[in-house]
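So you can see what is in the structure, the chains are spelled out below.
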Amino acid sequence: MKPNKVVLAYSGGLDTSVCLRWVKESYDCEVIAYCADVGQEEDLEEVRKKALATGASKVVVDDLREAFVRDYVFPMLRGNAVYEGSYLLGTSIARPLIARRQLEVAIEEDAEAVSHGATGKGNDQVRFELTYYALKPDIQVIAPWREWDLNSRTALIDYAKRHDIPVPVTKDKPYSMDRNLFHISYEGGVLEDPWQEPPADMFMWTASPEAAPDEPQTIELEFASGDPVALDGKRLEPAEMLVALNGLGARHGIGRVDMVENRYAGMKSRGIYETPGGTILHAARRAVEHLTLDREVMQLRDSLIPRYAQMIYNGYWFAPERRILQQTLDATQERVTGTVRLKLYKGSVSVAGRRSPVSLYDPVTATFEKDESYNQADADGFIKLNALRLKMAGRVAGA
């Protein structure tokens, strides 16, 4: 069905700039550019002007920074989500928010279709479209990368030049970049050789650990029910908190990750990430959890982390299984209240102290000195009962 009006998720980068012109010409329709401010540190007025110059009939710009951190980043962090041991999911967690709001704009503007600039090889196409279909099952989706004959970013650069569309990449630096308040990601181009070290001038946010200050900086973070609420005694709103920690982490070279990950489509892909504030928050929450979480609760929660992270990575934020799992993970955080002291130094975050009004740590019981609360002789029966099955198996194996 040929739409009369399409709402395009627009960033002003290479892919979405070409998409805007291509959709307008190929479908002979009106294109409304939707741009979400999730902390990408761009001049959004210039983005607006560029969209209009490229052919958009209208541009909608939303400031979603507070909602992004409060309703998406913080819940994800409460689940301690880490994908494949390294990736803190900065791009993944922004997509459902952007797609949801884009869909709302489409409904407000009576648009029959939505569009995005995600490639047919990547994860973002899935994240955008699963959100669209979960929230509006009858929406029409246009995915240019799966339709056009522009089969590479080099081809896109050439197309942009032919149509006088300014783009932020060149054939010398063709890697793709995504930035928000939580992270920056880089992929493609010169990064596609996993043996090659990333160019030093690529990193836009964090200092290299070698160039970071020679003296560590100590900070204190206070948590209440799993969320950070104060930094060095000053209470901050969610977006303020993340901005402050990003600045501290970036200064000390914290949060760089270079990994080869497994995309949902099945291929491996190299990604470079900068997540300064998120890396600090992840380490800090763990320190408070070690004081406040029951052993079995923590181990059960930890067993759920890979599945939860995979849901977010693959785009299932609005799926029923993620919602139900979120309730479980949030329940584990009800007692995660306390303060952690951290040292930031040349790319590392180390715990220098932690305390909590609801701590389960009892120094009287844990001490190696004389105490009256623990009878060490009780361990004899405990060990023998737990060894019973091992002894039975050992006898059979030795038979």
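Please read all numbers here as calculations on a predicted model, not as lab measurements. (Residues numbered from 1 in each chain as written. Predicted model: local features only at pLDDT ≥ 70, side-chain atom pairs only at ≥ 80, totals over all residues. Heavy atoms only, no water.)

### Quick word on the overall build of the chain
Okay, step 1: A count of helical and extended segments in the chain gives twelve helices and 14 strands.
Okay, step 2: Along the longest, intermediate and shortest principal axes, the C-alpha atoms of the chain span 85 × 55 × 45 Å.
Okay, step 3: Considering the chain as a whole, with its 399 residues, one finds that 51% of them fall into the buried category.
Okay, step 4: For the chain, the proportion of contacts with a sequence separation of at least 24, taken over those separated by at least 6, is 72%.
Okay, step 5: With an accessible surface of roughly 19,600 Å², the chain has 51% of that area assigned to carbon and sulfur atoms. (Helix = DSSP H or I, 4+ residues; strand = E, 2+ residues; numbered from the N terminus. Buried < 20%, exposed > 50% of the residue type's maximum accessible area, 1.4 Å probe, protein only. Contact = heavy atoms within 4.5 Å. Areas by Shrake-Rupley, 256 points an atom, 1.4 Å probe, with all protein chains shown as cover.)

### Some points on the packing of helix H3 (residues 65–78) against helix H4 (residues 90–108)
Okay, step 1: Between H3 and H4, the least distance of the axes is 10 Å, while the angle of their chain directions is 140°. By the angle class used here, H3 and H4 are oblique. In terms of crossing hand, the pair formed by H3 and H4 is right-handed. Facing H3, whose interface residues are Ala67, Phe68, Tyr72, Val73 and Met76, H4 presents Ile93, Ala94, Pro96, Leu97 and Arg100. (Axes fitted to C-alpha atoms, helices over the stretch in contact; angles between N-to-C directions. Parallel < 35°, antiparallel > 145°, perpendicular 65-115°, else oblique. Left-handed = near helix turned anticlockwise from the far one by under 90°.)

### So, the nonpolar core
Okay, step 1: Phe68, Leu89, Leu221 and Leu245 are the most contacted members of the largest nonpolar core, which has 70 residues in total.
Okay, step 2: By residue number, the principal contributor to this core is H4, which donates eight residues.
Okay, step 3: In this structure leucine 245 touches Ile219, Leu221, Leu231, Pro276, Gly277, Ile280 and Leu281, once residues within four positions along its chain are discounted.
Okay, step 4: Core analysis: the second largest hydrophobic core is formed by 30 residues, Trp22, Tyr27, Trp148 and Ala160 among them. (Core = buried A, V, L, I, M, F, W, Y, C linked by side-chain atoms within 4.5 Å.)

### Quick look at the sheet that holds strand S5 (residues 140–142)
Okay, step 1: Across the sheet, five strands lie side by side as S3-S2-S1-S4-S5; this open sheet has parallel pairing. Two strands close off the open sheet at either side, each with one partner strand: strand S3 (58–63) and S5. The mean inter-strand angle of the sheet, taken between neighbouring strand axes irrespective of direction, is 25°.
Okay, step 2: Seen against the sheet, helix H5 (residues 124–135) touches strand S1 (5–9), strand S4 (113–115) and S5 and runs at an angle of roughly 165° to S5. (Pairing = 2+ DSSP bridges.)

### Describing the sheet that holds strand S11 (residues 256–262)
Okay, step 1: The sheet built from four strands is open, its strands ordered S6-S7-S12-S11 with antiparallel pairing. Edge positions in the sheet fall to strand S6 (176–179) and S11, since each of these pairs with one other strand and no more. Neighbour-to-neighbour, the strand axes of this sheet turn through a mean angle of 25°, independent of strand direction.

### Let's talk about the packing of H5 against helix H9 (residues 295–314)
A pair of packed helices is captured by two measures, namely the crossing angle of their axes and the spacing between those axes.
Okay, step 1: Remark: H5 packs on H9, axes separated minimally by 8 Å, with the N-to-C direction vectors making an angle of 90°. Taken as axis vectors, H5 and H9 run roughly perpendicular relative to one another. Of the residues in H9, those touching H5 at Val126, Arg127 and Leu130 are Ile312, Tyr313 and Asn314.

### Thoughts on H9
Okay, step 1: For H9, which comprises 20 residues, the first-to-last C-alpha distance of 30 Å matches the rise-based estimate of 28 Å (1.5 Å per residue) to within 8%.
Okay, step 2: Helix geometry: H9 is bent most strongly at isoleucine 305, by close to 35°, with proline proline 306 lying one to four residues after it.
Okay, step 3: Along H9, the residues classified as buried are Met298, Arg301, Ile305, Tyr308, Ala309, Met311, Ile312, Tyr313 and Asn314.
Okay, step 4: In this structure aspartate 294 caps H9, since a side-chain oxygen of it lies 3.0 Å from the backbone nitrogen of glutamate 296.
Okay, step 5: Count one or two residues on from H9 and you reach glycine 315, which has phi positive near 100°. (Expected span 1.5 Å × (residues − 1). Bend = angle between axes of the 7 residues up to and from the residue. Polar contact = N/O pair within 3.5 Å; in protein donor to acceptor, adjacent residues only side chain to side chain.)

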